[in-house]
Every structure is written in C-alpha cells, then in structure tokens.
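# Secondary and tertiary structure notes
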Amino acid sequence: MPNDLKIFAGNGNRELAQEIAVSRGVPLGLMEVGQFSEGEIRVKINENVRGTDVFIVQSTCPPVNDNWMELLIIIDAMRRASARRITAVIPFYAYGRQDRKDQPRVPITAKLVANLLEAAGTDRVLTMDLHADQIQGFFDIPLDHLMSMPVFAEWVTKKKLGDIVVAAPDLGGVKDARYLAEKIGAPLAIVDKRRFGPVQTAVQNVIGDVKGKVVVMSDDIITSGSSIAEAAQAMKQRGATDIYALVTHPIFSGPAAERLRNSGIKEIVVTNTVPLNEMAKKLTEPPVRVLSVAAMFAEAIRRIHEEASISALFH
C-alpha cells in the first residue's frame, strides 16, 4: 500500500536493525546484500517498495568504507525502485571527526559523505550523537539528531551511585554532560585538555570539585581510548572515588584495551549503535555494559513517518 513504512538493514549492525523493527512492530524488509567474487557490493531488493516510506538502518562502523559504500548502493537501489521517501538511519556516522579544515591541505570528510548521501538519493537522515553539532549544517536535506543521554540518565538513576559529579572529558563534550547533569541533578566538572595531533592529547586542568565523589564521564566515542583514559586518571589524581564512563559509540581500536585497563575506570557503559568487536567483548577490567537505543530509534522512525516532532523525545 502507498505510504507504508518499511525498514531495511545493511550489514553494519543487523542486530540493532532487528531490534528496531521488533520495537516498531514491522518485519525487516527482504533484501540481499552481498559481494561479487571480486569484492564489489551486490544489492537486490526482494519486495515491492514503490510509493513506500523506506528506512535503511546502517551503522558505518568498521569496516567503515565497506559499510558506507553498502549504504549508498542500497539508497540508489531504493530510489530506482520508486520508494516515496528514503531515510538513511545511521546510528554511528563515521568520518564525523574530520569536520573542519584545522590544518593546511586536509579534507572535510564529514561534508564529503554528506554530499554522497544526498547524491545517492537520500531524502532524510536519522543519526545519533554526531561528533560535532555543526555537521548537521553540512546537509541540504532534513537531519534528525538523537541523543543517547536520556538512556544513560535512566541507567545512572537506577544505579544509585551516591554522591555524583558528571564530567565532560573535553570542552567539546560539555553540552551533553550538562544535559546529563541536569537530568540527574548533579554538579558538572570539565577536563581542560590540549590536543597536539590527531590522537595526542594532554590534560591541563580539571574544572570543578571531584574529591570524594563518584565521577560519571560522558563522551560520544571510544576509539584508541586515550582521551577518556587520560581524563579518568586526572580525576583519580584529584580524589575521585569511582569513575564510570558513558560512551555512545564503542569502536575500540589499537591500544584501547590496555589504556582502559590502566585508567582507573570502574565500568564502561556503551550503547549498541555499533556491535561490540572482540576487543570490547574480552575486556573485563573495566567491564563493558551495553544499553540498547533501539526503542528510541523506533520511536523516532514512527514520528518521522507520521510527521510528528522528534525534539519532543528529549523535552
């Protein structure tokens, strides 16, 4: 029927896509996504999508380039199959860290992939916790930006951790940390750090009192683990009792496991925007706990389909 809602999934995070479909009360759409013998991506939609409201769930986690290309090809296939509207649901938006020209002769890849999405035929984008808010301005199509903080706030409230301080591991994370602090009624601390390269940072100071308190740090992504590990060590040196890390996108790469083991963090709480890799699954000190954001995405999809407000989810 025209205007039907259909949800399809790429290979980036099929488990999350299945959870979203179950929460929304619809089956995942029938589609083959594989590769030809030489490695080119092959897509075939196995049901009618003409005139339908299509949502394609694809997290662009590692292998990043394969998942981006897969998403673009699926979008092209949907456009050529006459879908009424195509919404790219991208729980983790890779290449988002390169969002400005901060050195000579470097690209702005966050803008490049935004252009590619539009060129492929995307009508709308739904994502969560972009690395920088200004990425929303790179699109000339509607973009709905979800926040993971309500999910983390619910977990912190149920955990009853005691005398809490919410900390931002850098100045870029202040907005989300402030939202969480206001939600749970806790004071805010900020780690002032200086960046010396793409992955090299050093803590200069901690703004706020953390002595004798339980610190809850929020961040959008863990990759090599250097940023959050250094922030946690600074908190420990200033007298924090326990430290919990709340991170939306658990990428875990390179020396992340070793750095986190020596960071003093008691527990890392992440979402399922990307599937845990083997490094994250084997990490026991500190342990990694996964919270689902499927219900939030499902509700956002319902609201988009019914032309209702997305911002009402957070107020």
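Because the structure is predicted, anything quoted here is derived from the model rather than measured.

### Overview of the overall build of the chain
In terms of helices and strands, the chain carries 9 helices and 14 strands. On C-alpha atoms alone, the chain measures out to a radius of gyration of 20 Å, which is about the 20 Å that the 2.2 N^0.38 rule sets for 315 residues. Once the C-alpha set of the chain is aligned to its principal axes, its extents read approximately 60 × 45 × 35 Å. Split into buried and exposed, the 315 residues of the chain put 53% on the buried side. In the chain, 63% of the contacts between residues at least 6 apart in sequence involve partners at least 24 apart. Summed over all atoms, the accessible surface of the chain reaches about 14,400 Å², with 49% contributed by carbon and sulfur.

### Here we look at unusual backbone geometry
With omega at 0°, the peptide bond leading from proline 62 into proline 63 counts as cis. Following glutamate 285, the chain continues to proline 286 via a peptide bond in cis, the omega torsion being 0°. With respect to the helices, strands and loops of the structure, proline 286 is situated in the loop between α8 (278–282) and β14 (288–291). Even without being a glycine, serine 82 presents a positive backbone phi close to 70°. Mapped onto the elements of the fold, serine 82 is located in the loop between α2 (64–80) and β5 (85–90).

### Some remarks on the pairing of strand β1 (residues 5–9)
For β1, a buried count of 5 out of 5 residues is recorded, marking the element as mostly surrounded by other parts of the structure. Side-chain alternation along β1 places Leu5, Ile7 and Ala9 on one buried face and Lys6 and Phe8 on a second face that is also buried. Taken together, the 5 bridges between β1 and strand β4 (residues 53–57) define a ladder with parallel strand orientation. When the sheet's bridge partners are listed, alanine 9 is paired in β4 with valine 57.

### Re helix α5 (residues 174–184)
Regarding α5, the residues found buried are Val174, Ala177, Tyr179, Leu180 and Ala181. Of the residues flanking the end of α5, it is glycine 185, one or two places downstream, whose phi is positive at about 70°.

### What to know about the sheet that holds β1
Sheet strands pair via backbone hydrogen bonds, and the direction of the pair is either parallel or antiparallel. Reading across the sheet, the 5 strands line up as β1-β4-β5-β6-β7 and stay open at both edges, with parallel pairing between neighbours. Single-partner strands in this sheet number two, and they are β1 and β7 (143–146). For this sheet, the mean inter-axis angle between neighbouring strands, taken without regard to orientation, is 20°. Pairing of strand β6 (residues 124–128) with β7, which is carried by 4 bridges, proceeds in the parallel orientation. Its bridge partner lying in β7, leucine 126 is registered against aspartate 144.

### What to know about the pattern of salt bridges
Counted under the stated rule, the structure contains 19 salt bridges. One salt bridge in this structure joins glutamate 267 and lysine 159, with 3.9 Å as the shortest N-O distance. Placement of glutamate 267 in strand β13 (residues 267–271) and of lysine 159 in helix α4 (residues 149–159) is noted, with a sequence separation of 108 residues between them. With a relative accessible area of 9%, glutamate 267 lands in the buried category. Classification of lysine 159 by relative accessible area gives partly exposed; the value is 34%.

### Details of the pairing of β4
Buried residues dominate β4, accounting for 5 of its 5 residues. Residues Asp53, Phe55 and Val57 of β4 are buried on one face, and the alternating residues Val54 and Ile56, pointing to the opposite face, are buried as well. One ladder, built from 5 bridges, connects β4 with β5; its direction is parallel. What sits directly across from valine 57, in β5, is valine 89.

### Looking at the environment of proline 91
By secondary structure assignment, the location of proline 91 is in the loop between β5 and α3 (109–120). Sequence spacing of proline 91 and isoleucine 301 is 210 residues, and the spatial spacing of their C-alpha atoms is 12 Å.

### Some remarks on the packing of aromatic side chains
The geometry of two aromatic rings is summed up by the distance between their centres and the angle between their planes. Counted by the stated rule, this structure contains 3 aromatic pairs. Aromatic side chains tryptophan 68 and tyrosine 93 sit 5.5 Å apart centroid to centroid with 90° between the ring planes, which places their arrangement in the edge-to-face category. Of this pair, tryptophan 68 sits in helix α2 while tyrosine 93 sits in the loop between β5 and α3, placing them 25 residues apart in sequence. Site record: aromatic cluster; members linked through ring pairs are Trp68, Tyr93 and Phe139.

Criteria and cut-off values
- Residues numbered from 1 in each chain as written.
- Predicted model: local features only at pLDDT ≥ 70, side-chain atom pairs only at ≥ 80, totals over all residues.
- Heavy atoms only, no water.
- Helix = DSSP H or I, 4+ residues; strand = E, 2+ residues; numbered from the N terminus.
- Rg over C-alpha atoms; globule rule 2.2 N^0.38 Å.
- Buried < 20%, exposed > 50% of the residue type's maximum accessible area, 1.4 Å probe, protein only.
- Contact = heavy atoms within 4.5 Å.
- Areas by Shrake-Rupley, 256 points an atom, 1.4 Å probe, with all protein chains shown as cover.
- Pairing = 2+ DSSP bridges.
- Axes fitted to C-alpha atoms, helices over the stretch in contact; angles between N-to-C directions.
- Salt bridge = Lys/Arg side-chain N within 4 Å of Asp/Glu carboxyl O.
- Phe/Tyr/Trp six-rings, centres within 6.5 Å; stacked < 30°, edge-to-face > 60°.

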